[in-house]
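Analysis of the macromolecular model
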Amino acid sequence: MKSPVPAKAVLLLDLKIQYATIKEDLMRAIERVLTSQYFILGPEVEGLEHEIASYCGCKYAVGVSSGTDAILASLMALGISNGDEVITTPFTFFATVGSVLRLGARVVFADIEQESFNIDPYQVEKAITPKTKAIIPVHLFGQSAEMGPLLEISAKYGLPLIEDAAQAIGAEYMGKRAGSFGLAGCFSFFPSKNLGAFGDAGMITTSDKSLADRIRIIRNHGSNPKYHHKLLGGNFRLDAIQAAVLRVKLKHLEEWTEMRRENAAYYTHRLHELGLTGEKIIPPPVVRERHVYNQYVLRAKNRDALREFLGSRGVGTEIYYPKAIHLQDCVIEGRYKEGDFPISEKASDEVLALPIYPELSSEDKDYVVSMIKEFYER
Ligand SMILES: *Cc1c(COP(=O)(O)O)cnc(C)c1O
């Protein structure tokens, strides 16, 4: 039997709707940069740095070329290299781990908490050795990691925390914002993040002046003064056009974040109401407010079949992430095997992300929920 043409399509992410609402402001901002012909770093980047620092509750922010480079440059500024160990989660986007490995350092994994998908502080403490040089908690999907205990561990062992806040701009924990807890916070402005540029872009937040100064030098080949290189750096600079776009969008971020939160609350409420939660669906538990829902990730019974069914009905979904990082070919190197981090591996088998972007209509959300219901009633 041929599958029917879906009555409706709900994309996982549709950036065109948002673009249409702020097009004029964006054009003006881009035009300003074109008129200035000042394309790399400069006043737009400095403006954005001040605005992001203030939004995150930090003293400094340093614009860089991507979220990946934010992590890489932070680790370079700490002098992480060969023989050092860095503790992080195996349930994250590859960039968290790749940045450590590219410096020749060793990644030591600590499994996640069952509920929040974030690194488990208890497992972190167990993984510390005399070679440990830093800890990278990831605020996955837009919910803060358990920063209280992690900060205690950081203080107790004198280990810096580098927050991977790529998915969590505006996320809070006990009223403080992501990126303001550790020594540094790393943000991504990849187009699909809550604050998305028109290309690659990133930012590092910190309240440590000497770290901010070091990263500013490192992002420009370690050059200070010009053509004198005491530090090894790279080209991790942020473009003025991206900064100008982000400054327009930042003004709307709170409103968009609240829309994401409302969409999430609606899904969770409807899934409960329809009796789909428990056996079949576990909606994302909110363990630590404020969750900013870069993704709405639930656990689903029969996940792969559900995903295929939703796809056939025009509903876009994604699996973040289908394979834990310790099991990736370029990481495993005979050091890890299946079963080493069972909570992460189980999450990989069960998670499914639904469309959650701010501009979803109530019809879109109802359609998504009714298709989930249809799947489990077949
Ligand atoms: C997106 C992302 C990154 C990398 O950001 P880019 O800007 O794409 O380089 C790093 N870590 C996490 C958790 C991410 O989601």
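Structure: above.
If you're wondering where the values come from, they're calculated on a predicted model, not measured in any experiment. (Residues numbered from 1 in each chain as written. Predicted model: local features only at pLDDT ≥ 70, side-chain atom pairs only at ≥ 80, totals over all residues. Heavy atoms only, no water.)

**Re the overall build of the protein**
Quick reminder of the rule: Secondary structure elements are taken from DSSP: a helix is a run of H or I of four residues or more, a strand is a run of E of two residues or more, and numbering for both begins at the N terminus. Based on C-alpha atoms, the radius of gyration is set beside the globule rule, defined as 2.2 Å times the residue count to the power 0.38. Relative accessibility decides the category of a residue: with a 1.4 Å probe and only protein chains considered, values under 20% of the type maximum give buried, values over 50% give exposed, and everything between is partly exposed. Residues are treated as being in contact if the distance between any of their heavy atoms lies within 4.5 Å. Surface accessibility in these figures is a Shrake-Rupley result with a 1.4 Å probe; residues are shielded only by whichever protein chains are displayed. Charged-residue counts in this description rest on Lys and Arg as positive and Asp and Glu as negative, His and the chain ends being excluded. Here the site of a charge means NZ on Lys, CZ on Arg, CG on Asp, or CD on Glu.
In terms of helices and strands, the protein carries 13 helices and twelve strands. Against the compact-globule benchmark of 21 Å for 378 residues, the protein has a radius of gyration of 21 Å, which places it among compact chains. Principal-axis analysis of the C-alpha atoms places the extent of the protein at approximately 70 × 55 × 40 Å. A burial count over the protein gives 56% of its 378 residues as buried. When contacts within the protein are restricted to residue pairs at least 6 apart in sequence, those whose partners lie at least 24 apart make up 72%. A total accessible area of about 16500 Å² is found for the protein, and carbon and sulfur atoms account for 53% of it. Charged side chains in the protein number 44 positive and 48 negative. The centres of these two groups are separated by 3 Å.

**Points about the environment of Leu 238**
Inspection of the secondary structure puts Leu 238 in the loop between helix H7 (209-218) and helix H8 (240-250). A relative accessible area of 1% means that Leu 238 is categorised as buried.

**Some words on the pairing of strand S9 (residues 202-206)**
How we decide: Strands pair, by our definition, only if DSSP identifies at least two bridges between them.
Among the five residues in S9, five count as buried, and that is most of the element. The side-chain alternation of S9 yields two buried faces, one formed by Gly 202, Ile 204 and Thr 206 and the other by Met 203 and Thr 205. Pairing geometry for strand S1 (residues 60-64) and S9, over five bridges, is antiparallel. Bridging from a neighbouring strand, Val 62 pairs with Ile 204 of S9. The pairing of strand S8 (residues 184-188) with S9 spans four bridges and is antiparallel. What sits directly across from Phe 187, in S9, is Met 203.

**Concerning the side chain of Asn 263**
This is how it is decided: In the analysis that follows, any N or O atom pair within 3.5 Å is treated as a polar contact, provided that within protein one partner can donate a hydrogen and the other can accept it, and provided that, for residues neighboring in sequence, both atoms belong to side chains.
For Asn 263, the position within the fold is in helix H9 (residues 253-273). With a relative accessible area of 3%, Asn 263 lands in the buried category. Polar side-chain contacts of Asn 263 include one of 3.0 Å to the backbone oxygen of Tyr 357. Beyond its immediate stretch of four places on either side in the chain, Asn 263 contacts Ile 356, Tyr 357, Pro 358, Leu 360 and Lys 365.

**So, the sheet that holds strand S11 (residues 296-300)**
Quick reminder of the rule: Every axis in this analysis is a line fitted to C-alpha atoms, fitted for helices over the stretch in contact. Angles between the N-to-C directions lie between 0 and 180 degrees.
In space, the three strands of this open sheet follow the order S10-S11-S12, with antiparallel pairing throughout. Across the chains shown, the open sheet's two edge strands, defined by having one partner strand only, are strand S10 (281-282) and strand S12 (351-354). Bridging between S11 and S12 involves four bridges; their strand directions are antiparallel. Residue Arg 299 lies in a different strand from S12, and its bridge partner there is Val 351. On the sheet, H9 packs against S10, S11 and S12 and is oriented at approximately 20° with respect to S11.

**Focus: the pairing of S11**
With respect to burial, S11 is a largely interior element, five of its five residues being buried. Where burial is concerned, the two faces of S11 agree: the one with Tyr 296, Leu 298 and Ala 300 and the one with Val 297 and Arg 299 are both buried. Where S10 lies against S11, two bridges are found, and the strand directions are antiparallel. For Ile 281, the partnering residue across the bridge sits in S11 and is Ala 300.

The values are spatial; any link to function lies outside them.
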